[in-house]
Amino acid sequence: MPLVRLFALLLLGSVAACGSRPAEPPDRPLHIGGSGSARDVVEQLIASYRMICPKRERVEHVPSTHSGAALTALRAGELDVAYVTREPRAQERRGLYVYPYALDPVVFAVHAGAGITGLSVADLRRVYRGEVVRWSQVGGRDVPIVVLDRPEYTSSKVLLRSSLFAELAVRGDALVFETQPPVKGAVATMPGAIGYTSLREALSRVPDVVVLRIDGVYPGPGTVRSGEYPWARTLSFVVRDGFPLAAKRFLDYAMSPEGRHPAQDAAMVPVRRELRLAVPPARNIVAQEIKYGGLARYLQVRLGRPVELVHQPSYTALTEAFRQSRVDAGFLGSLEYVVAREEAGVEVLARPDYGGVSQYRGVLFVRTDSPYRSVEDLRGRAVAHAGAGTTAGQVFPLYLLRTSGLPPPERFFDPFLAAESHEGALRALLEGRVEAAAAKDLVWRAMIREDPGLEGRLRMLAVSLPVPSNALATSVRVDPSLRDQIRGLLLAMDQSPYGRRALVEMGAERFVPTTDGDYANLYRMLETVSADLAGFFQYR
């Protein structure tokens, strides 16, 4: 079941979780379990749910475990609903559907006797490396520092390791606590101690514990929601395909206004409606999930709402998804952007810069050992293209042939095959199934980076003028303030450790501002070939 459908099902029943519904045998209880660091919050949620539906629902809250074990138990059918405090890995997500519930700030807290109320990021790293050993070195009292740490597999350590603690070796005498609750007790009772835990755990031991400001920012719900404070885990509920109606009813309640109260009471930030982010079919789905997954997580944390990657089977399908309001934002190829702007109403925000490259060219590729030296040599030959609705796969071949005084691709090549992705067209050429391929140069470069053995196997027979690389655009139906927030977050990604990591996964260095004027070369090509495009898509 697609995740979009899951969200729809959940929202449909959110008004009355225990109202009318199909009959279901009540003898088997609903088994819910997950990460020990969130057990107290989920227990409160379950308790309030039982009060709402006391006669019908039987819920069993199984003993605590950790996120990975909970996902395994869910797959095995031992749980009906799992809750996790870290982002499931790609291989863990298969067949499972993740529904974010709340952001849980991970904060640094010190014993009140340390005499400090805040640290800079640089000093915090120095403390954990062991370069600063007494609080007096950073403006506090002359008390030795006791560093508390968590195992590498815990959600809080995974979160910090991805940004603040990247490549940081924690001092060897740090005290490592297996679970979260003992951390707050140790910070409260051990003079000079510093540790990281959830905001609610730290606040429960005030005044013995002081929650630190980091670079002057207090880790409250407001700064977490705005993105000023960057370290927050996402508490999510996870279900598998074919989940029982009882699980749906519980999730309906969890996402209702009443169901969000336990999160708010625990100093968490309830997530808002999901942002559906469309991903183009430039590569295979696994590669695209890897490439864009970090960006989705970055936006999710900073926006305080779930961000769902919606993979599209073709470029035309992506444009149609905007037209039908099935996605809120997406990475649009240059031609997709022009069509979506006219037909569906989108506004382009920014595009990735790949080491100084933020544009691409359409290329007609042939194998290096082929005899073809000009486009005329390909008359009657099999040619693959990236798909209708693409600049490199459709507009450039049309433009190339028309300006060369030749018939359109469907009459000149035999056949002109749609591969539905740039990589698919290039693979068809590499495997000898066609004599040429129309695709974008950036995809070919990415394939060579992943497999250097491909270097030198293809050559460029013809190259287009540059056009903007896939850019992120939002529907005009998206609230303007949210649109501006997304633009600001994209342009500031390279200034955040978490954002930089997501950029690395994309193979990019930063995002650059993008406007409609950047597409001037494409508009010129379209003016030349617009009559030939009428049979492929609506273009005004």
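About the cut-offs
Residues numbered from 1 in each chain as written. Predicted model: local features only at pLDDT ≥ 70, side-chain atom pairs only at ≥ 80, totals over all residues. Heavy atoms only, no water. Helix = DSSP H or I, 4+ residues; strand = E, 2+ residues; numbered from the N terminus. Rg over C-alpha atoms; globule rule 2.2 N^0.38 Å. Buried < 20%, exposed > 50% of the residue type's maximum accessible area, 1.4 Å probe, protein only. Core = buried A, V, L, I, M, F, W, Y, C linked by side-chain atoms within 4.5 Å. Polar contact = N/O pair within 3.5 Å; in protein donor to acceptor, adjacent residues only side chain to side chain. Pairing = 2+ DSSP bridges. Axes fitted to C-alpha atoms, helices over the stretch in contact; angles between N-to-C directions. Phe/Tyr/Trp six-rings, centres within 6.5 Å; stacked < 30°, edge-to-face > 60°. Lys NZ or Arg CZ within 6 Å of the ring centre and 35° of its normal. pLDDT = per-residue confidence, 0-100. Contact = heavy atoms within 4.5 Å. Salt bridge = Lys/Arg side-chain N within 4 Å of Asp/Glu carboxyl O. Parallel < 35°, antiparallel > 145°, perpendicular 65-115°, else oblique. Left-handed = near helix turned anticlockwise from the far one by under 90°. Nonpolar A, V, L, I, M, F, W, Y, C, P; charged D, E, K, R; others polar.

1. Some remarks on the overall build of the chain
Counting its secondary structure elements, the chain contains 21 helices and 25 strands. Taking 540 residues into account, the globule formula puts the C-alpha radius of gyration at 24 Å, and the chain, at 27 Å, falls close to it. With respect to the three principal axes, the spread of C-alpha positions in the chain is 85 × 65 × 40 Å. Counting only residues that meet the buried cut, the chain has 58% of its 540 residues in that class.

2. So, the nonpolar core
One broad rule of soluble globular proteins: the nonpolar side chains tend to lie buried together. Ranked by internal contacts, the top residues of the largest apolar core, which has 78 residues, are Tyr101, Phe108, Tyr128, Trp135, Ile194 and Phe237. Here the element with the most residues in this core is strand E4 (residues 96-111); it accounts for 10 residues. Listed in part, the 59 residues of the second largest apolar core include Val327, Val348, Tyr360 and Val478.

3. With respect to the side chain of His61
As for its placement among the helices and strands, His61 is situated in strand E2 (residues 59-61). Polar contacts involving the side chain of His61 include one to the side chain of Glu43, which spans 2.6 Å.

4. What to know about the sheet that holds strand E25 (residues 510-513)
Within the open sheet, the six strands sit side by side as E14-E13-E15-E24-E16-E25. Their pairing is mixed. For this open sheet the edge positions go to strand E14 (307-311) and E25, each flanked by a neighbour on one side alone. Taking each pair of neighbouring strands and ignoring which way they run, the sheet shows an average axis angle of 30°. When strand E16 (residues 346-353) meets E25, the two strands line up antiparallel, connected through four bridges. Of the residues in E25, the one forming a bridge with Asp353 is Arg510.

5. Focus: the environment of Ala186
Looking at the element boundaries, Ala186 is found in helix H7 (residues 181-189). What makes Ala186 buried here is its relative accessible area of 7%. Taking the C-alpha atoms as reference, Ala186 lies 55 Å from Thr319; in sequence the two are 133 residues apart.

6. A few points about the sheet that holds strand E21 (residues 436-440)
Sheet architecture is open: five strands sit in the order E20-E19-E21-E18-E22, paired in mixed fashion. Here the strands that pair on one side only, and so sit at the sheet edges, are strand E20 (416-418) and strand E22 (458-463). Shown here is a sheet whose adjacent strand axes are inclined to one another by a mean of 30°, direction ignored. Note: strand E19 (residues 383-385) against E21, three bridges, orientation parallel.

7. A short note on the packing of aromatic side chains
Centre-to-centre distance and the angle between the planes together describe a pair of aromatic rings. The full count for this structure, using the stated rule, is 18 aromatic pairs. Ring geometry for Tyr49 and Tyr253: centres 5.5 Å apart, planes at 40°, overall tilted. One end of the pair, Tyr49, is in helix H2 (residues 39-52); the other, Tyr253, is in helix H10 (residues 245-254), with 204 residues separating them in the sequence. Each member of the pair, Tyr49 as well as Tyr253, carries the same accessibility label: buried. The cationic tip of Lys440 hangs over the ring face of Tyr360; the distance from NZ or CZ to the ring centre is 4.1 Å.

8. What about the confidence of the model for the chain?
Here the chain averages 86 in pLDDT, and 92% of its residues register 70 or above. Predicted confidence is poor over residues 1-17, with pLDDT under 50, and the contacts of this stretch with residues over four places away or in other chains come to 32 contacts. Counted against residues more than four places away or in other chains, residues 536-540, with its pLDDT under 50, gives 15 contacts.

9. Observations regarding the environment of Val42
Relative to the helices and strands, Val42 resides in helix H2. Judged by relative accessible area, which is 1%, Val42 ranks as buried. A C-alpha to C-alpha distance of 60 Å links Val42 and Thr368, two positions 326 residues apart in sequence. Here Val42 is in contact with Ile32, His61, Tyr83 and Phe237, once residues within four sequence places are set aside.

10. Notes on the pattern of salt bridges
Counted by the stated rule, this structure contains 28 salt bridges. Linking Arg50 and Glu43 is a salt bridge whose minimum nitrogen-to-oxygen distance equals 4.0 Å. A relative accessible area of 33% means that Arg50 is categorised as partly exposed. With a relative accessible area of 29%, Glu43 lands in the partly exposed category. Taking the shortest distance from any N to any O, the salt bridge between Asp353 and Arg510 comes out at 3.4 Å. Residue Asp353 is located in strand E16, and its partner Arg510 is located in strand E25; the two are separated by 157 residues in the primary sequence. On the basis of relative accessible area, Asp353 is assigned to the buried category, the value being 5%.

11. Side note on the packing of helix H12 (residues 285-303) against helix H20 (residues 497-506)
Where H12 meets H20, the axes come as close as 7 Å, and the angle between the chain directions of the two elements is 160°. As judged from the angle between their axes, H12 and H20 are roughly antiparallel. Crossing of H12 over H20 shows left-handed handedness. On H20, the residues that touch Ile290, Lys291, Tyr292, Gly293, Gly294, Leu295, Arg297, Tyr298 and Val301 of H12 are Tyr498, Gly499, Ala502, Glu505 and Met506. A per-class count over the contact of H12 with H20 returns eight nonpolar, three polar and three charged.

12. What to know about the environment of Ser334
Inspection of the secondary structure assignment puts Ser334 in helix H14 (residues 334-343). Residue Ser334 is classed as buried on the basis of its relative accessible area of 1%. For Ser334 and Ala471, which are 137 residues apart along the polypeptide, the C-alpha to C-alpha distance reads 7.6 Å. Among residues more than four places away in sequence, those in contact with Ser334 are Tyr360, Thr391, Val467, Pro468, Tyr519 and Leu522. Reaching out from Ser334, the side chain makes a polar contact with the side chain of Tyr360 at a distance of 2.6 Å. At 2.5 Å, the side chain of Ser334 and the side chain of Thr391 are in polar contact.

13. Quick word on helix H18 (residues 441-450)
The buried fraction of H18 amounts to seven of the 10 residues, a majority that puts the element mostly inside the structure. Where H18 is concerned, the buried positions are Asp441, Leu442, Val443, Trp444, Ala446, Met447 and Ile448. Looking at the packing, one finds that the buried side of H18 touches strand E17 (359-360), strand E18 (362-367), helix H17 (422-430), E21 and E22.

14. Describing the side chain of Arg351
Assignment of secondary structure puts Arg351 in strand E16. Polar side-chain contacts of Arg351 include one of 2.7 Å to the backbone oxygen of Ser358. Once you skip the residues sitting within four places of it in the chain, Arg351 turns out to touch Ser358, Gln359, Pro468, Ser469, Asn470, Ala471, Arg510, Phe511, Val512, Pro513, Thr514 and Asp518.

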